[in-house]
Structures are given as C-alpha cells and as structure tokens.
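# Per-entry structural report
For reference, the chains in residue letters:
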Amino acid sequence: MTADLFGVRSLLFLPASNPRAIARARDAGADLVVLDLEDAVKPADKEAARDAAVEAVATAWTTPVAIRINGAGCEWHSLDLDAVARSRADFAIVPRAISGHLVRGVADVVGKPVLAMVETAAGVLAAADIANASAGLIAGTNDLRADLRLPLNSDRRAISAALQMIVLAARSAGLPVFDGVYNRLDDQDGFAAEAREGRSLGFDGKSLIHPSQIMPCHQAFAPSAEETDRARRLVAAFNGGAERFDDGMIERMHVDQAERILARSQA
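The model shown is predicted, which means the values in this text are computed figures rather than measured ones.

To continue, consider the packing of helix H3 (residues 77-86) against helix H4 (residues 100-110). With their axes 8 Å apart at the nearest point, H3 and H4 run at an angle of 45° to one another. As the angle between them shows, H3 and H4 are arranged oblique. Of H4, the residues touching H3 (which contributes His77, Leu81, Val84 and Ala85) are Val106, Val109 and Val110. Residues of the contact of H3 with H4, tallied by class, amount to six nonpolar, one polar and no charged.

Helix H12 (residues 252-266) packs onto helix H11 (residues 225-237) with a crossing angle of 130° between their chain directions and a minimal axis gap of 9 Å. As judged from the angle between their axes, H11 and H12 are oblique. Note on packing geometry: the crossing formed by H11 with H12 is left-handed. Here Glu227, Thr228, Ala231, Arg232, Leu234 and Val235 of H11 lie close against H12, whose contacting residues are His254, Val255, Ala258, Glu259, Ile261, Leu262 and Ser265. A per-class count over the contact of H11 with H12 returns seven nonpolar, three polar and three charged.

Once that is clear, we can look at helix H9 (residues 188-201). Spanning 14 residues, H9 covers 20 Å between terminal C-alpha atoms, matching the ideal 20 Å at 1.5 Å per step. Along H9, the residues that are buried comprise Gly190, Phe191, Ala192, Glu194, Ala195 and Gly198. In this structure, the buried side of H9 is in contact with strand S7 (177-179), strand S8 (205-208) and helix H10 (214-220). Within two residues after H9, Gly202 carries a phi angle of roughly 110°, on the positive side.

In this section: the packing of aromatic side chains. All chains considered together, the criterion is met by one aromatic pair. On the basis of an interplanar angle of 75° and a centroid distance of 6.1 Å, the ring pair of Tyr182 and Phe191 is categorised as edge-to-face. Taken as a pair, Tyr182 and Phe191 share a single burial class, namely buried.

Next up on the list: the pairing of strand S5 (residues 114-118). Most of S5 is tucked away, with five of its five residues classed as buried. Looking at chain direction, strand S4 (residues 91-94) and S5 are connected through three bridges and run parallel. Directly across from Ala92, in S5, lies its bridge partner Val114. Handedness of the β-α-β unit built from S4, H4 and S5 comes out right-handed. Relative to strand S6 (residues 136-139), S5 runs parallel, the two being bridged by four bridges.

With that out of the way, let us pick up the nonpolar core. Core analysis: the biggest nonpolar cluster contains 59 residues, and Leu14, Leu35, Trp61, Val103, Val106, Ile130 and Leu137 have the highest contact counts within it. Counting residues per element, this core draws most heavily on helix H8 (residues 160-172), which supplies six residues. Ranked by size, the runner-up nonpolar core spans 13 residues in total, among them Val8, Leu11, Leu115 and Phe178.

Take helix H2 (residues 46-56) next. Within H2, burial applies to Lys46, Ala49, Arg50, Ala53, Val54 and Ala56. For H2, the angular spread of the buried residues around the axis is 165°, confining them to a single face. Exposed residues on H2 whose side chains face more than 90 degrees from its buried face are Glu47, Ala48 and Glu55. Where the residues of H2 are buried, they touch helix H1 (19-25), strand S2 (32-36), strand S3 (65-68) and H3.

What counts, and at which threshold
Residues numbered from 1 in each chain as written. Predicted model: local features only at pLDDT ≥ 70, side-chain atom pairs only at ≥ 80, totals over all residues. Heavy atoms only, no water. Axes fitted to C-alpha atoms, helices over the stretch in contact; angles between N-to-C directions. Helix = DSSP H or I, 4+ residues; strand = E, 2+ residues; numbered from the N terminus. Parallel < 35°, antiparallel > 145°, perpendicular 65-115°, else oblique. Contact = heavy atoms within 4.5 Å. Nonpolar A, V, L, I, M, F, W, Y, C, P; charged D, E, K, R; others polar. Left-handed = near helix turned anticlockwise from the far one by under 90°. Expected span 1.5 Å × (residues − 1). Buried < 20%, exposed > 50% of the residue type's maximum accessible area, 1.4 Å probe, protein only. Phe/Tyr/Trp six-rings, centres within 6.5 Å; stacked < 30°, edge-to-face > 60°. Pairing = 2+ DSSP bridges. Right-handed = clockwise from strand over helix to strand, strands pointing away. Core = buried A, V, L, I, M, F, W, Y, C linked by side-chain atoms within 4.5 Å. Arc of directions from axis to C-beta.

Below, the structure written as structure tokens:
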C-alpha cells in the first residue's frame, strides 16, 4: 500500500511481540501503524517479534504499516534489515539516526522508504543531512530528553529548540515531520494540548502509544471549522497579486497555505 505521508496525522507504535495489540491495531483507525522491534520489545523477545512483524504484514492491511528496526551497532540490526527487506511492510523506521549515510544504507538494504527518528543531540545537529536521505522525520522526544540529561519533570520548553530544528530540516527537504509521544495514558487533556502545540510548531502528525490517543490526535491536527471557512474564502478571493483580505494583505504564499488546509479538511 502506498501512502501520502503528508496526510498522516497519527503514527501508532506497538510492540511486534504483542499479537493482541497487532490485532487491535488493524481496526483502530490510525493513519500509520508501526510494528516496533526496538524499545518496546525485551531482548529475549527480539527474534519472535521480528518473525511476528513479518507475518503480520504478510496479509493486507487497510492502513500503511511500518516496521521500526533496532539501531545500527546492536546485535539485532542486520537481521532486522533482512526481515524488513523480505516483508510487505510499506516503510522502515530507523531509530536514533545520526547521519544521512546511515539512513541511505538502511534504504539500500530494505528497498523501501525510510523514516528517520531524530532523538539525540547528534541527530538534531545532523537533521538536515538525515532529512535529505529520508522519506520523513520523527522526533523521538523521550530519547532526546534522556540524551540531553534533562530532569525527569522538565517540560517541552527544554526541547523546543530541538523540535523546531527537526521541523526546519524536514521542511527544507520537502518532507513530512511527526511529533514524539505523550507518555501519560490517562491524561487525555494533556495529550490534546500537546498535540495542538505540535501542530502549532509545524508538525504534520504525532506518534502514539495507545489506540485511545488516535481520536484526540486526529481532532488536534484537523483544521477547525473557522480555519476551513477562512481558507475557502481566501482562495476564492485571490486574484493573482498582493491584495487586501479581511483585516490584512494576502499573496500567493497565503493561498498555498489555505489550499493545504482545505486538502487536510477534506481528507
């Protein structure tokens, strides 16, 4: 299945070692399902998870599916590459990407589009190089906090510069870009607030760790009725040059933004 990654709002991560989670994910409604072989899987379960991921994508899904491999340098990496290459997964996801060279190497082996997770200080500083080798970027906010040695109770302000650098790198390369996970499963209001903040920073969607986060994610990344109405009026009013609209001036760039809003609202 091919996918327009710019239309993806929700990336649902789940351990490939959990067959019940895989079964639920088929009908959960996420825009992209990620079968995880990395952080969510215990070392003793790595081999079984790899086999389960390949088996899971052997039958058709109604949504695109990615497999997140274990990182370069670990004992499971090369076997994960081989498994993804022979699988019917739509995408591979590389954790802790630190260079475009690493991402290109994975893409050459698996023969599929690769999304790169930027989740270290080195990765943030190399984000532009990574973006030029990728199909999209994902902010790995948990690992980034750990790599920066932030206090456990620090809020998103501590990583705001890094998040904006990831967005800038993706946009410079013309790529979609996705926000990291929200860890508190029982805090739906907190999740919704962070998702709205992610959209305001320029992210196209957000990584999720539970199906209960899908609906509020889609709501947060959907244009409001007011946005859609204004976008429709703006496109209709534009005559080709800089001109007055409502209480300001508009030009072609504003029409492009409005058309993107309308496309997402229709989707």
